[in-house]
Amino acid sequence: MKKYIKKIYNGTQKEYENYLKNQLQKEEKTFVVTANPEILMLGENKKSFDSLLMDPQTQIVADGIGIIKGAKMLGIHLPERIPGVELAEMLLKTCAESNKSVYLFGASRQVLEQLVTNLRTTYPTLNIIGFADGYVSDKQSVFEEIKRLTPDVVLVALGAPLQEELIYQNLSAFKKGIFMGVGGSFDVLSGMKKRAPKLFIKLNLEWLYRMAGSPKRWKRFFNGNVKYIWKIRKEVKNSND
Ligand code: UDP
């Protein structure tokens, strides 16, 4: 676990946002993984996902509070969370302001259409070069379309790890683009699903709000988070022995 955590961006959200804006202006290809404990556990359990996370091209930011806490247990300081949904919003705004194009891939058709409508109202200058919902049977064919369009930003909302795997498998075909898996962000940005109230976010309890609203997440929580903390405890203990 430590090898992943050591790789995580250790600046502030503002600093990372400035870095991404710069990457966008320079047209430097960038792949961002917004990590929560579940994603790091996948690296532990699946060889191909370990390669994805450890690839020097892959940048990891701490989306979940579990990442910050786990890092602390390992003696690594990460200043704050960098929520993927906020990075996605920032990228959309920056694209609108700087004449860059965006492709939106994922979520249900209803959510996606609502999101596109909202974005066209909020950012009339935003160039949405294309979009596709996440329930098409051939997801690779969507990527073929994205390759043809060469957008400046590609947001993929299919849930982890599928979104990261798809991006990673196709990354070498692109010369430029900011690529980011954004999980349930389209549901939130479309207004179809509420993000946790501000107080929950401030108290780092956004995960609790999401769990309460979705019992399906409980098993995921156990597998991702409880096992993750055990694993880190074990690593700390072994390094002290
Ligand atoms: N999704 C999709 N296609 C699929 C499965 C999921 O487009 O085949 C979408 C789903 O509609 C949701 C997102 O992927 O918008 C995953 O959201 P979730 O909240 O599970 O992701 P998290 O933020 O927890 O990673």
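This text follows the structure it describes.
Below is a summary of the structure that appears in this document. (Residues numbered from 1 in each chain as written. Predicted model: local features only at pLDDT ≥ 70, side-chain atom pairs only at ≥ 80, totals over all residues. Heavy atoms only, no water.)

### So, the packing of aromatic side chains
For clarity, the cut-off: Ring pairs are drawn from Phe, Tyr and Trp, using the six-membered ring of Trp, whenever the two centres fall within 6.5 Å, and their geometry is named by plane angle: stacked under 30 degrees, edge-to-face over 60, tilted for the rest. Buried, partly exposed and exposed residues are distinguished by accessible area as a fraction of the type maximum, computed with a 1.4 Å probe on protein chains only: under 20%, between the cut-offs, and over 50%, respectively.
This model, assessed by the stated rule, comprises nine aromatic pairs. Taking the centre distance of 5.5 Å and the plane angle of 70° together, the rings of Phe200 and Tyr209 count as edge-to-face. In this structure Phe200 comes out as partly exposed when scored by relative accessible area, which is 29%.

### Here's the deal with the site of the ligand
Heads up, the condition is: Note on terminology: near, applied to a residue and a molecule or strand, indicates that one of the residue's heavy atoms is within 4 Å of it. Polar contact is the term for a pair of N or O atoms within 3.5 Å; when the atoms are in protein, one must be able to donate a hydrogen and the other to accept it, and sequence-neighboring residues count only if both atoms are side-chain atoms. The protein chains shown are the only cover counted for residues, whose accessible areas, like all others here, come from Shrake-Rupley with a 1.4 Å probe. In this classification, the charged set is Asp, Glu, Lys and Arg, the nonpolar set is Ala, Val, Leu, Ile, Met, Phe, Trp, Tyr, Cys and Pro, and all remaining amino acids, among them Gly, are polar.
With respect to spatial proximity, 15 residues lie near the ligand, and among them Ala107, Gly134, Tyr135, Asp187 and Arg217 are the closest. Note that an oxygen atom of the ligand is positioned 3.1 Å from one of the backbone N or O atoms of Ala157. Side-chain polar atom of Arg210 to an oxygen atom of the ligand: 3.1 Å apart, as the coordinates give it. Within the complex, the protein chains bury 77% of what would otherwise be the 560 Å² of accessible surface of the ligand. A class-by-class count of the residues in the shell around the ligand yields four nonpolar, six polar and five charged.

### Digging into the sheet that holds strand S6 (residues 178–181)
Selection rule: We treat two strands as partners when DSSP finds at least two bridges between them. What counts as a helix is a DSSP run of H or I of at least four residues, what counts as a strand is a run of E of at least two, and both are numbered from the N terminus. Lines fitted to the C-alpha atoms define the axes, with helices restricted to the stretch that makes contact. Angles between their N-to-C directions range from 0 to 180 degrees. Contacts are assigned to residue pairs that have any heavy atoms within 4.5 Å of one another.
Sheet architecture is open: six strands sit in the order S2-S1-S6-S5-S3-S4, paired in parallel fashion. Here the strands that pair on one side only, and so sit at the sheet edges, are strand S2 (58–62) and strand S4 (127–132). Across this sheet, the average inter-strand angle for adjacent strands is 20°, counted without regard to direction. Looking at chain direction, strand S1 (residues 30–35) and S2 are connected through five bridges and run parallel. Bridge pairing in S2 places Val33 opposite Ile60. Against the sheet, helix H7 (residues 109–122) touches strand S3 (101–106) and S4, its axis set at about 175° to S4.

### A look at the packing of helix H4 (residues 47–54) against helix H9 (residues 162–170)
Between two packed helices, what matters for the description is the angle formed by their axes and the separation of those axes. Here is the rule: Small angles under 35 degrees read as roughly parallel and large ones over 145 as roughly antiparallel, with 65 to 115 read as roughly perpendicular and the rest as oblique. The sense of a crossing depends on the near helix, which, turned anticlockwise from the far helix by less than a right angle, makes the crossing left-handed and, turned clockwise, makes it right-handed.
One can describe the packing of H4 onto H9 by two numbers: an axis separation of 11 Å at closest approach and a directional angle of 65°. Between H4 and H9, the interaxial angle falls into the category roughly perpendicular. The handedness of the crossing between H4 and H9 is left-handed. Within the contact between the two elements, H4 uses Phe49, Ser51 and Leu52 and H9 uses Glu164, Glu165 and Tyr168. Within the contact of H4 with H9, the residues separate by chemical class into three nonpolar, one polar and two charged.

### Here we look at the pattern of salt bridges
Threshold: By convention in these notes, a salt bridge is any Lys or Arg side-chain nitrogen within 4 Å of a carboxyl oxygen on Asp or Glu.
Under the counting rule described, the total for this entry stands at 17 salt bridges. The partner of Glu165 in a salt bridge is Lys46, with the nearest N and O atoms 2.7 Å apart. On the criterion of sequence distance, the pair formed by Glu165 in helix H9 and Lys46 in the loop between helix H3 (37–45) and H4 is long-range, its members being 119 residues apart. Where Arg148 meets Glu145, a salt bridge forms, and the shortest distance between an N and an O atom there is 3.2 Å. With a gap of three residues between them, Arg148 and Glu145 both fall in helix H8 (residues 139–149), about one helical turn apart.

### Focus on the pairing of S4
Put simply, the rule reads: Here, the term right-handed applies to a crossover whose path from the first strand over the helix to the second runs clockwise when the strands point away from the viewer.
Note: S3 against S4, five bridges, orientation parallel. Among the inter-strand pairings, Val102 is bridged to a residue of S4, identified as Ile128. Handedness of the crossover joining S3 and S4 through H7 is recorded here as right-handed.

### Considering the nonpolar core
Inclusion rule: What we call a nonpolar core is a set of buried Ala, Val, Leu, Ile, Met, Phe, Trp, Tyr and Cys residues that are connected through their side-chain atoms within 4.5 Å.
Counting residues in hydrophobic clusters, the biggest one holds 39 residues, and the most contacted among them are Ile5, Leu40, Leu53 and Phe105. In this structure, Leu126, Val153, Val182 and Phe186 belong to the second largest nonpolar core, which totals 33 residues.

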